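Structural features, examined
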Amino acid sequence: MTPYNIIQQHPEWVTSERTPRAAIQNEARRYVRELEGSKNFSSLITEDLDDLLRQRDAINDFAGVVADGKTAQANTDSPEYLTDRRKAQIYAIFIKAVISELSGKAICTAAQVEEWRERYAVKLEGLKGKTTTAKAGNETRSLEPILYSRAKQIYKALIDYSLIDCEESDFTNLFCVAPGKHYDKAPNTIEWKGKVKLELAIFWESMCYFSTGIYRTKWKQLPLYIKTDLQANKGDLKDVKKDRNAYFSHKIKRIFDNILEKENEENKNKEIDALAEAKADKKISKLFKI
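First, a word on scope: everything that follows refers to the structure included in this document. (Residues numbered from 1 in each chain as written. Predicted model: local features only at pLDDT ≥ 70, side-chain atom pairs only at ≥ 80, totals over all residues. Heavy atoms only, no water.)

Regarding the environment of Glu-205
Put simply, the test is: Counting from the N terminus, the helices are the DSSP runs of H or I reaching at least four residues and the strands are the DSSP runs of E reaching at least two. Contacts were defined at the residue level, with two residues in contact if any of their heavy atoms lie within 4.5 Å.
In this structure, Glu-205 sits in helix 9 (residues 197-212). Sequence separation between Glu-205 and Asn-233 is 28 residues, and the spatial gap between their C-alpha atoms is 9.3 Å. Beyond its immediate chain neighbours, meaning those up to four positions away, Glu-205 contacts Tyr-215, Thr-217, Leu-237, Lys-241 and Tyr-247.

A look at empty space enclosed by the protein
Applied cut-off: In this analysis the probe radius is 1.4 Å and the grid spacing 1 Å, with only protein atoms considered; a cavity is a set of points the probe fits into but cannot get out of, a pocket is an open set with protein on both sides within 12 Å along at least five of seven lines, and lining residues have an atom within 4 Å of a point. Grid points are joined across faces, edges and corners, and a volume is the space filled by probe spheres set on the points. Under this grouping Gly is polar, as are all residues other than the nonpolar Ala, Val, Leu, Ile, Met, Phe, Trp, Tyr, Cys and Pro and the charged Asp, Glu, Lys and Arg.
Throughout the structure, instances matching the rule amount to two cavities of 30 Å³ or more. The calculated volume of the second largest cavity comes to roughly 40 Å³. As for the second largest cavity, its lining consists of Ser-206, Tyr-209, Phe-210, Tyr-215, Lys-253, Phe-256, Asp-257 and Leu-260. Elements with a minimum of two residues in the lining of the second largest cavity: helix 9 and helix 13 (251-287). Considering each element in turn, the lining of the second largest cavity owes the most residues, four residues, to helix 13. Of the residues that constitute the lining of the second largest cavity, the class distribution is five nonpolar, one polar and two charged.

Points about the pattern of salt bridges
Any two side chains of opposite charge can pair if their charged atoms end up close together. How we decide: Salt bridges, as used here, are contacts in which a Lys or Arg side-chain nitrogen is within 4 Å of a carboxyl oxygen on Asp or Glu.
All told, the structure shown has 14 salt bridges when counted by the stated rule. Residue Arg-30 pairs with Glu-27 through a salt bridge whose shortest N-O separation is 2.5 Å. A residue pair is termed a helical-turn pair when its members lie 3 or 4 positions apart in one helix, as Arg-30 and Glu-27 do in helix 3 (residues 21-35) at three residues. For Lys-241, the salt bridge is made with Glu-205, and the minimal N-O distance between the two is 2.5 Å. Of this pair, Lys-241 sits in helix 11 (residues 235-242) while Glu-205 is found in helix 9, placing the two residues 36 residues apart along the sequence. A single network of salt bridges, built from pairs that share partners, joins Lys-253, Arg-254, Asp-257 and Glu-261.

A look at the sheet that holds strand 6 (residues 190-192)
Applicable threshold: The pairing criterion for strands is at least two bridges between them, as found by DSSP.
The three strands are arranged 5-6-7 in an open sheet whose pairing can be described as mixed. Of all the strands in the sheet, just strand 5 (164-165) and strand 7 (226-227) have a single pairing partner and so form its edges. In this sheet, strand 6 lies alongside strand 5 in antiparallel orientation, the contact comprising two bridges. Along strand 6, the bridge assignment pairs Asp-165 with Glu-191.

Observations regarding the nonpolar core
Rules: The criterion is simple. A nonpolar core is a set of buried Ala, Val, Leu, Ile, Met, Phe, Trp, Tyr and Cys residues joined through side-chain atoms within 4.5 Å. Buried means the residue's accessible area, taken with a 1.4 Å probe over protein chains only, is under 20% of the maximum for its type, while exposed means over 50%, and partly exposed covers the values in between.
Residues Ile-154, Phe-171, Phe-175, Phe-203 and Trp-204 are the most contacted members of the largest nonpolar core, which totals 39 residues. Going through the elements one at a time, helix 7 (148-160), helix 8 (168-176), strand 6, helix 9, helix 10 (222-225), helix 11 and helix 13 are the ones with two or more residues in this core. Residue contributions to this core peak at eight residues, all from helix 9. For Phe-171, the contacting residues outside a window of four places in its chain are Ala-151, Ile-154, Tyr-155, Leu-158, Ile-164, Cys-166, Ile-190, Phe-203 and Met-207. In terms of nonpolar packing, the next biggest core, distinct from the first, is built from 28 residues, Tyr-31, Ile-45, Ile-99 and Trp-116 among them.

Some details on unusual backbone geometry
Despite not being glycine, Ser-162 shows a phi value in the positive range, around 55°. Its location among the elements puts Ser-162 in the loop between helix 7 and strand 5. Note on Ser-162: relative accessible area 52%, which makes it exposed.

So, the packing of aromatic side chains
We apply this condition: Under the pairing criterion, centres of Phe, Tyr and Trp rings, with the six-membered ring standing for Trp, must be within 6.5 Å; the plane angle then separates stacked pairs below 30 degrees from edge-to-face pairs above 60, leaving the rest tilted. Think of it as a cone above the ring: NZ of Lys or CZ of Arg counts as a charge over the ring if it is within 6 Å of the ring centre and within 35 degrees of the ring normal.
On inspection of all chains with the given rule, the structure shows 13 aromatic pairs. Measuring from ring centre to ring centre gives 5.0 Å for Phe-171 and Phe-175, while their planes differ by 50°; the resulting arrangement is tilted. Residue Phe-171 and its partner Phe-175 are located together in helix 8, separated by four residues, close to a single helical turn. Phe-175 shares its class with Phe-171; the two are buried. Relative to Tyr-225, the ring of Trp-204 has its centre 5.5 Å away and its plane inclined at 45°; by these criteria the two rings are tilted. In this pair, Trp-204 sits in helix 9 while Tyr-225 sits in helix 10, placing the two residues 21 residues apart along the sequence. Per residue, the accessibility class of Trp-204 equals that of Tyr-225, and both read buried. Ring-pair connections join several aromatic residues into one group, and the members of that group are Tyr-155, Phe-171, Phe-175, Trp-192, Phe-203, Trp-204, Tyr-209, Phe-210, Tyr-215, Tyr-225 and Phe-256. It is Arg-141 that lies over the ring of Tyr-225; its NZ or CZ is 5.7 Å from the centre. Above the face of the Tyr-161 ring, Lys-251 is positioned so that its terminal group lies 4.6 Å from the ring centre.

A few points about helix 7
Every α-helix carries 3.6 residues per turn, so stepping three or four residues along brings you back to the same face. In plain terms, the rule: In this analysis, the expected span of each helix is defined as 1.5 Å times one less than the number of residues it contains.
If you check helix 7, its first and last C-alpha atoms are 18 Å apart, about what 13 residues at 1.5 Å a residue would give, namely 18 Å. Residues of helix 7 that are buried include every one of Tyr-148, Arg-150, Ala-151, Ile-154, Tyr-155, Ala-157 and Leu-158, and no others. Of the residues flanking the end of helix 7, it is Ser-162, one or two places downstream, whose phi is positive at about 55°.

Here you go:
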């Protein structure tokens, strides 16, 4: 099967004055729907996205040609450069939309979606730039990535509570991408809008727990991810932890606990379904046993 190429399908998008984001996202939905019944669904998705990413990287490499160990300065005013940049954006929007469309669908597992997101999402903004790592003194970002599905739920809850001001892509790029990986465009530090230190402290403690699986809060890392005038630290948790009911019922703590409870329930249901399926298969095998 010939790999899918969105630009060959829609060459008019390259000459469009504005990148038609909505149309590209609709094309991603159509693409996923058409592949849903395919026998080798996962491998076809991977093959297509790999090919699109290779083409996008080829465009980026062309924008800054390496010669005699030196990188030529791209002419950002040239029509060729602008066309290449538009193509790169089209590829990026399409790949991200495909991964978003696959999230939560029964045709693939959450683990597969997470693998695709990890494989492609860190390379999907604009043309290549320098690797950027945020620093504060001698510190660099070092939290291990959390699950994308968890980050989206946390982001939505914090937005609903009006505690942060940032794009979802910045939030997921900060917390779902392994530290030290290449950023084409460094995610912005998240602006914390809350005024209560306890809320920030419980949020950060919980994010560090999701990152490491243990309650070891990396307070020095906080300014590398969150922009705030509040100076949250271990002391801000001291009194509330004395009252376990107050701590575990706090609205910020409940965001994280609810995610874990939901995941545990889903895993339990999957185990029940798997056992039921195994029993059914065993009964069928007995019926046809000669």
